[in-house]
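# Structural overview for review
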Amino acid sequence: MAGEKAETKKKKQRKKHKKLPIIIAVLAVVFMGIRVVGSMGAAPVGAFVTTTSAVRGDLQESISTSGTVLSEEVKVIFAPVSGTLAEVNVEAGSAVKAGEQLISYDMDKMERILRQSALQLEKSVAVYDNAVARDSDNQADLREASTNLDVLNRQIEDNKTYLKKLQDDLAQSQRDTSNALAEESYELQERLRELTPGTEEYNEISNQIARNSYLQQVAGASDYVAQMQQEIADVQERIAGYEEYKARMESQKTSSEAAVMNSYDKTQQDADNELANLSYQETEEEYYIAKKGIVAEFDAIVTECSAVPGAGVNSGMQLLTLEDSRNLKVSFEATKYDLEKLELGQKADIVISGRTYQGEVSKINRMAVRNATNTPMVGVEIHLTDGDDQIILGMDAKLTIYTKKVENAILVPVEAINADRDGDFLYVVENGVVVRRAIVCGISSDIYAEVKEGLTEEDVIVLTSMSNLEEGMAVTVLPTQQTAPLQ
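The following refers to the structure shown. (Residues numbered from 1 in each chain as written. Predicted model: local features only at pLDDT ≥ 70, side-chain atom pairs only at ≥ 80, totals over all residues. Heavy atoms only, no water.)

This brings us to unusual backbone geometry. Positive phi values are uncommon outside glycine, yet Asn 408 reaches one of about 55°. By the secondary structure assignment, Asn 408 is in strand β15 (residues 396-413). Looking at Asn 408, the relative accessible area reads 52%, which means it is exposed. You will see that Asn 431, though not glycine, has its phi angle at about 55°, which is positive. Given a relative accessible area of 82%, Asn 431 falls into the exposed group. (Helix = DSSP H or I, 4+ residues; strand = E, 2+ residues; numbered from the N terminus. Buried < 20%, exposed > 50% of the residue type's maximum accessible area, 1.4 Å probe, protein only.)

Attention now goes to the side chain of Ser 124. Inspection of the secondary structure assignment puts Ser 124 in helix α2 (residues 107-194). Residue Ser 124 is classed as buried on the basis of its relative accessible area of 12%. Setting aside its immediate chain neighbours within four residues, Ser 124 contacts Asp 272, Asn 273 and Ala 276. (Contact = heavy atoms within 4.5 Å.)

All right, on to α2 then. End to end, α2 covers 129 Å across 88 residues, agreeing with the expected 130 Å (1.5 Å per residue, within 8%). Between the side-chain oxygen of the N-cap and the backbone nitrogen of Asp 108 there are 3.2 Å, and the N-cap of α2 in question is Asp 106. (Expected span 1.5 Å × (residues − 1). Polar contact = N/O pair within 3.5 Å; in protein donor to acceptor, adjacent residues only side chain to side chain.)

As a further point, take a nonpolar patch on the surface. A cluster of nonpolar side chains, Val 74, Val 76 and Phe 78, forms an exposed patch at the surface whose accessible area comes to about 240 Å². A relative accessible area of 34% places Val 76 in the partly exposed class. (Patch = residues over 30% accessible without salt bridge, like charges linked within 9 Å, V, L, I, M, F, W, Y side chains within 5 Å. Areas by Shrake-Rupley, 256 points an atom, 1.4 Å probe, with all protein chains shown as cover. Salt bridge = Lys/Arg side-chain N within 4 Å of Asp/Glu carboxyl O.)

Right, let's talk about the sheet that holds strand β3 (residues 74-78) for a bit. One open sheet accounts for four strands, arranged β3-β10-β8-β5; its pairing is antiparallel. The open sheet has two free edges, formed respectively by β3 and β5 (95-96), since each of these has just one partner strand. With five bridges joining them, β3 and strand β10 (residues 318-324) adopt antiparallel strand pairing. Paired with Val 74 across the strands is Glu 323, a residue of β10. (Pairing = 2+ DSSP bridges.)

Counting buried positions along strand β14 (residues 376-384) gives eight out of nine residues, so the element sits mostly inside the fold. Where strand β11 (residues 328-334) meets β14, six bridges bridge the pair, whose relative direction is antiparallel. The residue of β14 that forms the bridge with Lys 329 is His 383. Relative to β14, strand β13 (residues 355-370) runs antiparallel, the two being bridged by eight bridges. What sits directly across from Ala 368, in β14, is Val 378.

Structural measurements only, silent on function.
Below, the structure written as structure tokens:
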């Protein structure tokens with residue numbers, strides 16, 4: 001508040017300084033006239049003062065300052081894809097319309113890149129399909145070998161069991177026949193010992209013994225034995241065939257097991273194919289982005305341009321800076337005294353290049369920055385509500401920001417108000433004597449100040465004086481300067 005009062009006092013002093021030469025001239029003439037009259041025997045007079053009276057009216061407080069015209073939307077454009085630039089249709093300072101192409105790409109190179117990516121995808125798909133087909137064949141071979149081996153093992157086992165049975169049966173048959181003949185021959189030999197050689201019975205038994213001996217010798221040559229031996233040979237041949245087929249199936253199983261893709265191989269194949277597909281999709285997307293070129297998204301001014309026709313660019317490289325030419329603002333820095341008066345939404349008159357525009361306070365920064373004199377300043381933005389194509393970015397703008405307003409208030413000229421450590425006060429004239437009147441001020445303009453307490457419209461207010469006034473001093477009031485009420 002002390003700073004604001006000091007600033008108000010300076011304004012009062014400036015106003016007083018502007019009017020002081022005129023007032024002094026008028027008072028000098030009056031004073032000389034008074035002196036003439038006094039020399040003719042008139043009574044002595046007090047200090048000469050001019051007075052005024054308070055009026056009622058509306059008062060609009062405002063802040064006058066200057067700022068810089070800026071855009072409310074600044075867009076830095078980066079290269080959307082890597083490639084070679086074909087044409088750059090703008091330069092710094094160019095005005096562009098929404099939808100206008102600013103930069104184009106060399107599409108011949110982009111087409112070659114897209115074709116290469118398509119061929120790489122085609123190759124990857126072929127490799128993937130081939131790997132899947134081979135894996136399917138290997139899995140079929142593995143299933144076949146595994147199934148056949150299970151069957152072959154059972155068949156070999158069954159035939160070996162059957163072979164052993166045949167061999168056992170044949171051997172047992174041969175043993176049984178030989179044993180029976182041997183036993184019979186033994187019994188005949190015992191009986192033969194009891195008989196007289198040369199007798200008929202003796203000769204018959206001897207012949208029987210001889211036949212038994214022969215039968216023992218030819219026991220393995222009977223039809224039964226021959227049939228059994230043939231069956232055994234057939235079984236052995238089948239087993240050999242099964243064993244050979246089993247060996248082939250085991251080899252097939254081993255090779256197919258080694259060739260079947262495991263989970264890691266499958267993951268790698270899937271990943272390679274997906275990467276190739278994604279690479280193509282990305283290249284295709286970049287192709288169509290490049291084909292569209294770089295287009296203005298809104299009406300704007302190009303404030304920076306580093307793009308050069310024929311230059312190669314990488315994705316993300318800065319090319320242009322566009323500033324919206326429709327949505328404009330004026331930016332300025334406010335002192336702490338002005339900041340106390342500023343609020344969002346306050347209206348403002350803006351003069352740019354001799355033209356007057358309307359605006360409103362749209363932003364008050366929440367952080368102060370110290371200027372070159374170490375004074376904290378706060379950035380403020382005024383949005384232009386009726387900007388046009390005549391406004392040039394970066395130009396200076398004069399601002400009148402309308403802050404607080406009062407209606408039907410008691411108003412006095414600012415040069416009548418004094419201030420000291422006790423606060424604001426006026427000198428009023430009562431019965432020809434100066435009286436100090438403490439007041440409470442409200443808002444003010446360059447000309448008027450609102451008095452909220454301590455004054456009435458009937459009071460005679462001292463406007464100027466030729467002498468230093470003190471309370472109780474007698475004064476001579478020159479013709480009153482009536483303050484015109486505000487409209």
